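# Analysis of the macromolecular model
Below, each chain spelled out in residue letters.
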Amino acid sequence: MNILVGQFGHEANNFCTKDVTYEEFISLNYFTGEDSLWRYKNVEHLFGGIIKAAEEHGDINLIPTMDLMNPIGRMEKEALDKIVDNIISMIEPHKNDLDGVLFCLHGAGRAVGVEDIESYTLEKIKAILPDNIPIMSALDLHANVSKEMVELSDGLFGGYEYPHIDFFNTGYLAMKTLISSIENRVIPKMSLKAIPLLLPLSGGFTLREPITTLNNYIKNYIKENNLIDATFFHGFPYADTSYASSTILVMTNNDQELADKSAQELAEHVWEYREYFIPEIISAKKAMDQAEEYSGDGYVLISEVSDNPGGGAPGDGTHLLKEMLDRNLPKTIFGFIYDKDVAEFLHNHRVGDKVTFSLGGKCEKIHGNPIEIVNAKIKNLSNGEYIATAPMIKGAKLSFGKSARVKVKNVEIIITSQRTQTLDDRPFLVTGADVAQYKYVGIKSSNHYRSFFQDKAGLIIPCDTPGVMTGDLSVLDFKYVKMPKYPLDLNTKL
Ligand SMILES: [Zn+2]
């Protein structure tokens, strides 16, 4: 059995002011051919689960294509077309020998003039394949699922958890179901129900009550009603597409009526929990005041949730870092800020050199101005390569690119040349720092960081500075999302 697999993931933050070119889009993670798939064998990743399900079956020939994923601003139409052309050219040689296609499409992308890039991509793939080749997709929990995506797919899968510690299971279930459908053991029927909820990323943490209870309810509902799957997609408001919202997607074995009824019932149940997804907004000043008041064991972890590169924010914002520099508290470390030019500049020096440079604040005005760093001492220079330990991507070989750690007065700052978020202690370790030796630790991430730090930090403070990923949706200028939506209108009805 020949199954073609690949990933084209775009999480579009439409509040970024610049559209993204093809070169920018592929600069984060782009692998093609064999390497795009097999590097994830035994890794906690969608592809890891896909490989496991295929190997368990024993008679599956997986055909890899590409692994491309970037959470960033809206992409130029030319960029989208070039990527889709690449996908099509990779499918073309195999199109008459395929039994199925499993393409991971994230689900929250958009391009100039194309609001729903997933449907756009699925249509192009379908157009070159013979009829009746099933196409399924493993999406991200933050997918904005459209009716068109459902119509163009034979199966769509998400997960339950944010941090996405169940990516592996999602990929596994998607591949299992695709195989069952190819072997005519199931006939998937889907039903989509939109929930008029814009769920800010920083409010979506699932490993806490009452959200654990909600997720357990959905998992039990699946078992009791004999569903193939049911997903509460949180959605991604920041894409600002007309259909951006939370959704319920139910999949049954050949029972449309049951799928429709279940989607309605689960949506009604999720709706009762809506207020628990609205985060408290804590400024940098308030976050540092709280940090200073803490007298318990361990370090205080302050995460700048509104400048999370994992949701399209630049990662070079300076609001929280500036507050930490102004306070100049002993044992402070910021891990990390993205600034490729500064990382390159530092790598032209040696450890021990004293340097002066302008840091961050170069991508989006709302994230703050560059900070003048004067007479900082270079403590470490690193190539940034590491193996991830965060539960959601454990075992993956990744890189921060050229990285450095500098110290200015009491404050140490880690600078990278790769625009990603902090998921675990790797940015500290690769630049020679042990996070446990510090008292005040600043990072940038909305929730994924919690899969590693939740049990390790003495105190966690999510800090929401002005930015394109703020949890305070009332300050964002939504142009396209169909209103009304909770929490912007508290009287919204399901
Ligand atoms: Zn996500």
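Everything below is about the structure printed above this text.
The structure displayed is predicted, hence computed values, not measured ones. (Residues numbered from 1 in each chain as written. Predicted model: local features only at pLDDT ≥ 70, side-chain atom pairs only at ≥ 80, totals over all residues. Heavy atoms only, no water.)

Right, let's get into the layout of surface pockets. Considering only enclosed or pocket space, the largest pocket measures out at about 810 Å³ in volume. Elements supplying a minimum of two residues to the lining of the largest pocket: β1 (2-13), β3 (61-73) and β15 (397-399). When its residues are assigned to classes, the lining of the largest pocket shows 19 nonpolar, 13 polar and seven charged. As a volume, the second largest pocket reaches approximately 640 Å³. The wall of the second largest pocket is formed by 26 residues, among which Glu24, Ile72, Tyr338, Cys363 and Arg419 lie closest to the centre. Among the residues forming the lining of the second largest pocket, the class breakdown is eight nonpolar, seven polar and 11 charged. (1 Å grid on protein atoms, 1.4 Å probe; cavity = no way out; pocket = protein on both sides within 12 Å on 5 of 7 lines; lining within 4 Å. Points joined across faces, edges and corners; volume = space filled by probe spheres on them. Helix = DSSP H or I, 4+ residues; strand = E, 2+ residues; numbered from the N terminus. Nonpolar A, V, L, I, M, F, W, Y, C, P; charged D, E, K, R; others polar.)

The next point concerns helix α8 (residues 211-224). In a regular helix each residue adds 1.5 Å, so 14 residues correspond to 20 Å; α8 covers 20 Å between its end C-alpha atoms and thus fits that length. For α8, the complete set of buried residues consists of Ile211, Leu214, Asn215, Ile218, Tyr221 and Ile222. Looking straight down α8, one finds its buried side chains confined to an arc of 115°; they lie on one side. α8 presents Lys223 and Glu224 as exposed residues on the side facing more than 90 degrees away from its buried surface. Lining the buried residues of α8 we find β8 (229-233) and α9 (256-271). (Expected span 1.5 Å × (residues − 1). Buried < 20%, exposed > 50% of the residue type's maximum accessible area, 1.4 Å probe, protein only. Arc of directions from axis to C-beta. Contact = heavy atoms within 4.5 Å.)

As for its position among the elements, Val186 is in the loop between α7 (167-182) and β7 (188-195). Val186 gets classed as buried once you look at its relative accessible area, which sits at 17%. Each C-alpha atom, one on Val186 and one on Glu34, is 30 Å from the other, the two residues being 152 residues apart in sequence. When near neighbours in sequence (up to four residues on either side) are disregarded, Val186 contacts Thr177, Ser180, Ser181, Ile228 and Asn253.

Moving on, we come to empty space enclosed by the protein. One simple way to see leftover space: roll a probe sized like a water molecule over the atoms. For the structure on display, the rule yields one cavity of 30 Å³ or more. Computed from the structure, the largest cavity encloses a volume of approximately 40 Å³. Looking at the largest cavity, the residues that line it are Leu139, Asp140, Leu141, Gly158, Gly159, Tyr160, Glu161, His164, Asp166, Phe167 and Thr170. Grouping the amino acids of the lining of the largest cavity by side-chain chemistry returns four nonpolar, four polar and three charged.

Each regular strand shows side chains that alternate between the opposite faces of the sheet. Along strand β16 (residues 403-408), five of the six residues are buried, which leaves the element largely enclosed by surrounding structure. Bridging between β16 and strand β17 (residues 411-416) involves five bridges; their strand directions are antiparallel. Within the sheet, the bridge partner assigned to Ala404 lies in β17 and is Ile415. Joining the antiparallel neighbours β16 and β17 is a turn of two residues, in which Lys409 adopts a positive phi near 50°. (Pairing = 2+ DSSP bridges.)

Read these as geometric descriptors, not functional statements.
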